[in-house]
Amino acid sequence: MHATIHGERMLTDLDFARLSKLLGRELPPSLADLLAIAEVTSSRAAPPDVVTMYSRVELVDLHTARRQTLTVCYPGDADAGAGFISVLSPVGGSLLGLKVGDIAKWLTPKGDSCAAEVAAILFQPEAAGDYQR
């Protein structure tokens, strides 16, 4: 049950700092890898097409073409029924730092391989002027 890191990824300095504090917990190896390799930028300089924490993204499943809207959040705010997916989940970790047009890849708890394109970012806190989220 893990996500894999593909391509270049970007994190805001705030997301990086908050996620680094989670390192004491059992982080998925892919998220620990992301923290080690990601390009870190200031929240104010984050491009609006990058998935940051609390970004609401539209995904298109590469196998079924099904569209889905998810918000990447911290574990305490996760509510799958409302579309809030923890960054510690395979899906959440696979999305963080991707850009519109990138492909997220992850494995389900059963070991099935999933892939979805980041079709759009419907909301990004930094693009809306929220640098504290």
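Just so it is clear, the structure is predicted and the values come from calculations on it, not from any experiment.

Conventions used here
- Residues numbered from 1 in each chain as written.
- Predicted model: local features only at pLDDT ≥ 70, side-chain atom pairs only at ≥ 80, totals over all residues.
- Heavy atoms only, no water.
- Salt bridge = Lys/Arg side-chain N within 4 Å of Asp/Glu carboxyl O.
- Buried < 20%, exposed > 50% of the residue type's maximum accessible area, 1.4 Å probe, protein only.
- Disulfide = S-S within 2.5 Å.
- Pairing = 2+ DSSP bridges.
- Helix = DSSP H or I, 4+ residues; strand = E, 2+ residues; numbered from the N terminus.
- Axes fitted to C-alpha atoms, helices over the stretch in contact; angles between N-to-C directions.

Draft legend 1. Representation of the pattern of salt bridges in the model. Applying the stated criterion across every chain yields a total of 1 salt bridge. Close ionic contact of Arg 67 with Glu 58 constitutes a salt bridge, the shortest N to O distance being 2.9 Å. A residue is classified by how much of its surface remains accessible, and Arg 67, at 51% relative accessible area, is exposed.

Draft legend 2. Here's a closer look at the state of the cysteines. Applying the stated criterion across every chain, the model contains 0 disulfides. Left unpaired, Cys 73 is separated from the closest cysteine sulfur, that of Cys 114, by 19 Å. Of the residues examined, Cys 73 reaches a relative accessible area of 0% and is grouped as buried.

Draft legend 3. Focus on the sheet that holds strand 7 (residues 113–123). Strand order in the open sheet formed by 5 strands is 5-4-3-7-6, and the pairing between neighbours is mixed. The sheet is open, and its two edges are formed by strand 5 (84–86) and strand 6 (103–107), each paired on a single side. The average angle at which neighbouring strand axes cross in this sheet is 45°, direction not considered. Both strand 3 (residues 56–61) and strand 7 contribute to a ladder of 6 bridges, which runs antiparallel.

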